[in-house]
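Geometric and topological summary
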Amino acid sequence: MDENNITENEITNENVNFETRINLAPLLEHVTAIKKEIETVIVGQHKMVDQLLVAVLSNGHVLLEGVPGVAKTITAKLLAKAINIDFSRIQFTPDLMPSDILGTSIFNLKSSEFEFKKGPIFSNLILIDEINRAPAKTQAALFEVMEERQITIDGSVYQLDAPFLVIATQNPIEQEGTYRLPEAQLDRFLFKIAIDYPKLSEEILIIQREHLLQNHGKLEAIKAVLSASEIKEYQALVKQIRVEPNLLEYIARIVVNTRENAFLYLGASPRASIAILNAAKGFAAIRGRDFVTPEDIKDAAIPVLQHRVIVAPEREMEGITSSEIIKQIIETVEIPR
C-alpha cells in the first residue's frame, strides 16, 4: 500500500488503537521519566515542561520569559540534570564580550603559537540567564552558533557536539539595563514560552515542599534518565513522524495569514513554517503517535509564532498581544478534514 494514500478512517483507527509504525515506546518511557524527575521540584507548569521536551526532540532552542522567581533558571537546570549531557550556564551582563561566550585565541609561549581556548558555549545544554542584558555585538555572537551549531573564529570553523540546545531566560517587565533582542536572533528560537504565576493551590504546595526540604538542595535527588546518544536517536526518530499533505498546507496557511493580517506589522518567515512542522512532530511523538494531527499544529503555532511577528503599533497601544492575534488566526484558518 502506498504510505502517502492512507485514508482518514485508517488514521482514525490508528489513533484509537495506538498502532504505530514507528516504535515510540522507549521515547515515551524516557519522556515520562524526565517529567517525573522535573515534577519532584517544579509544581504545575505541565505545558511548559511538554514544550521543553518537544524542543529537545525537535533540536530547537527555547526562550523562557517570565518575571523573577517563577522557576525559569531552575527549570533549565533540572532539565540538564535529568539528561546526562554537558551543561553550561552563562550570565549575560552589559559588559559581556563575544569572546567571553565563544572563546579566544591565546599565545602559547612554549609552542610560540596561538591556541584557541573554548568558551562556555562549547557544551550540550546552554543556559543563558537574562539574555536581554547583553549588548548587540554579544547577541550577534550567538547567530551562527544557534543556527548552524558551529562558530568561526580567526578563519577556523569549530563544530559543536550534538545535541546542542540553548535555553535563554528574560524578564519582560524590567527594562533598565536591558537590550531588545534583534529579530534575527529571536527567529532562531524554536519556542518562546511565557511562564505565568502559579495558582493558589500550586503556591501552597511550593511553600510546603520548600519547608520540608530543610537543609537538602532542590536538585540533589534528580537522576539522569537520558543520554546524549539517545537524544540524537530520538531526534532522528521524530523526523520520521508522518504528516499528511493537507496538514502541510494547513501550516502554510497559518503562516501566510500572519503576513496578511492587518493587526500585524511583520509576519512570520518560512523558517516559522518549518519550526511549526518540526514542533508538531515533537508533540505527536510525546503523545505516542507517529502521525501529526491539527491539534499538534495548533499547540505548536503559538509558542513558535508569538516571538516571530510584530504587532502593529496602533494595536499594541490597545494592549493586543501577538499571542492573541495568533489564536485568532488559528481559529480563522479552516482545519483540514
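A quick note: this is a predicted structure, and the numbers were derived from the prediction, not measured. (Residues numbered from 1 in each chain as written. Predicted model: local features only at pLDDT ≥ 70, side-chain atom pairs only at ≥ 80, totals over all residues. Heavy atoms only, no water.)

Right, let's get into the overall build of the chain. Regarding its fold elements, the chain presents 14 helices and 13 strands. In terms of overall dimensions, the chain is globule-like: its C-alpha atoms have a radius of gyration of 21 Å, near the 20 Å expected for 337 residues. Each principal axis of the C-alpha distribution contributes one length, and for the chain these read about 70 × 50 × 50 Å. By residue count, 47% of the 337 residues in the chain fall in the buried class. Within the chain, counting contacts between residues at least 6 apart in sequence, those at least 24 apart form 78% of the total. When the 35 basic and 47 acidic side-chain charges of the chain are each reduced to a single mean position, those positions are 2 Å apart. (Helix = DSSP H or I, 4+ residues; strand = E, 2+ residues; numbered from the N terminus. Rg over C-alpha atoms; globule rule 2.2 N^0.38 Å. Buried < 20%, exposed > 50% of the residue type's maximum accessible area, 1.4 Å probe, protein only. Contact = heavy atoms within 4.5 Å. Lys, Arg positive; Asp, Glu negative; His and termini not counted. Charge placed at Lys NZ, Arg CZ, Asp CG, Glu CD.)

Further remarks concern helix H6 (residues 136-148). Compared with an ideal rise of 1.5 Å per residue, which puts 13 residues at 18 Å, H6 spans 19 Å between its outermost C-alpha atoms and is within 8% of the ideal. Within the span of H6, buried status applies to Thr138, Gln139, Ala141, Leu142, Val145 and Met146. Trailing H6 by a residue or two, Arg149 shows a phi angle of about 55°, which is positive. (Expected span 1.5 Å × (residues − 1).)

To continue, consider the nonpolar core. Residues Leu79, Ile167, Phe191, Ile276, Ile297 and Leu305 are the most contacted members of the largest nonpolar core, which totals 74 residues. Apart from the residues within four sequence positions on either side, Ile167 is in contact with Leu52, Val62, Leu64, Ala76, Leu79, Leu125, Ile126, Leu127 and Ile128. The next biggest cluster of nonpolar side chains, apart from the first, holds 25 residues, and it includes Leu142, Ile151, Val166 and Phe189. (Core = buried A, V, L, I, M, F, W, Y, C linked by side-chain atoms within 4.5 Å.)

For the chain, the average pLDDT comes to 84, and 92% of its residues sit at 70 or higher. When the criterion is pLDDT under 50, residues 1-18 qualifies, and its contacts beyond four places in sequence or with other chains add up to 17 contacts. (pLDDT = per-residue confidence, 0-100.)

What follows covers the packing of helix H2 (residues 25-39) against helix H9 (residues 228-238). What describes two packed helices is the angle between their axes and the distance between those same axes. Direction vectors running N to C along H2 and H9 enclose 125°, while the axes themselves pass 11 Å from each other. Relative to H9, the element H2 is oriented oblique. Considering the relative orientation of H2 and H9, their crossing is left-handed. Facing Pro26, Leu27 and His30 of H2, the residues of H9 in contact are Glu230, Tyr234 and Val238. In the contact of H2 with H9, the residues fall into four nonpolar, one polar and one charged. (Axes fitted to C-alpha atoms, helices over the stretch in contact; angles between N-to-C directions. Parallel < 35°, antiparallel > 145°, perpendicular 65-115°, else oblique. Left-handed = near helix turned anticlockwise from the far one by under 90°. Nonpolar A, V, L, I, M, F, W, Y, C, P; charged D, E, K, R; others polar.)

The element strand S1 (residues 61-65) is largely enclosed, with a buried count of five among its five residues. Here S1 runs beside strand S10 (residues 189-194); their pairing, made up of five bridges, is parallel. Following the sheet pairing, Val62 is matched in S10 by Phe191. Here S1 runs beside strand S9 (residues 165-170); their pairing, made up of four bridges, is parallel. Residue pairing in the sheet places Leu64 in a bridge with Thr169 of S9. (Pairing = 2+ DSSP bridges.)

Another aspect to go through is a nonpolar patch on the surface. A cluster of nonpolar side chains, contributed by Phe107, Leu109 and Phe114, occupies part of the molecular surface with about 380 Å² of accessible area. Tracing the backbone shows Leu109 in the loop between strand S4 (103-108) and strand S5 (113-118). Residue classification places Leu109 among the exposed positions, given a relative accessible area of 72%. (Patch = residues over 30% accessible without salt bridge, like charges linked within 9 Å, V, L, I, M, F, W, Y side chains within 5 Å. Areas by Shrake-Rupley, 256 points an atom, 1.4 Å probe, with all protein chains shown as cover. Salt bridge = Lys/Arg side-chain N within 4 Å of Asp/Glu carboxyl O.)

Strand order in the open sheet formed by five strands is S3-S6-S9-S1-S10, with parallel pairing between adjacent strands. In this open sheet, the two edge strands, each paired with only one partner strand, are strand S3 (87-91) and S10. Going across the sheet, the axis of each strand differs from the next one's by a mean of 15°, ignoring polarity. Relative to S9, strand S6 (residues 125-129) runs parallel, the two sharing four bridges. Residue pairing in the sheet places Leu125 in a bridge with Leu165 of S9.

Residue Pro163 is reached from Ala162 by a cis peptide bond, and omega for that bond is -5°. Topologically, Pro163 is positioned in the loop between strand S8 (156-159) and S9. Of note in this structure, Glu130 is not a glycine but carries a positive phi near 55°. Within the secondary structure, Glu130 sits in the loop between S6 and H6. Take Glu130: its relative accessible area is 28%, and that puts it in the partly exposed class. For Arg149, which is not glycine, the phi dihedral falls at a positive 55°. Examined against the element boundaries, Arg149 turns out to sit in the loop between H6 and strand S7 (150-153).

Running from N to C, H2 and helix H4 (residues 72-82) point in directions that differ by 135°, and their axes come no closer than 10 Å. Between H2 and H4, the angle falls in the class oblique. For H2 against H4, the interelement crossing comes out right-handed. Residues Ile34, Glu37 and Ile38 of H2 lie in contact with H4, whose contacting residues are Leu78, Leu79 and Ala82.

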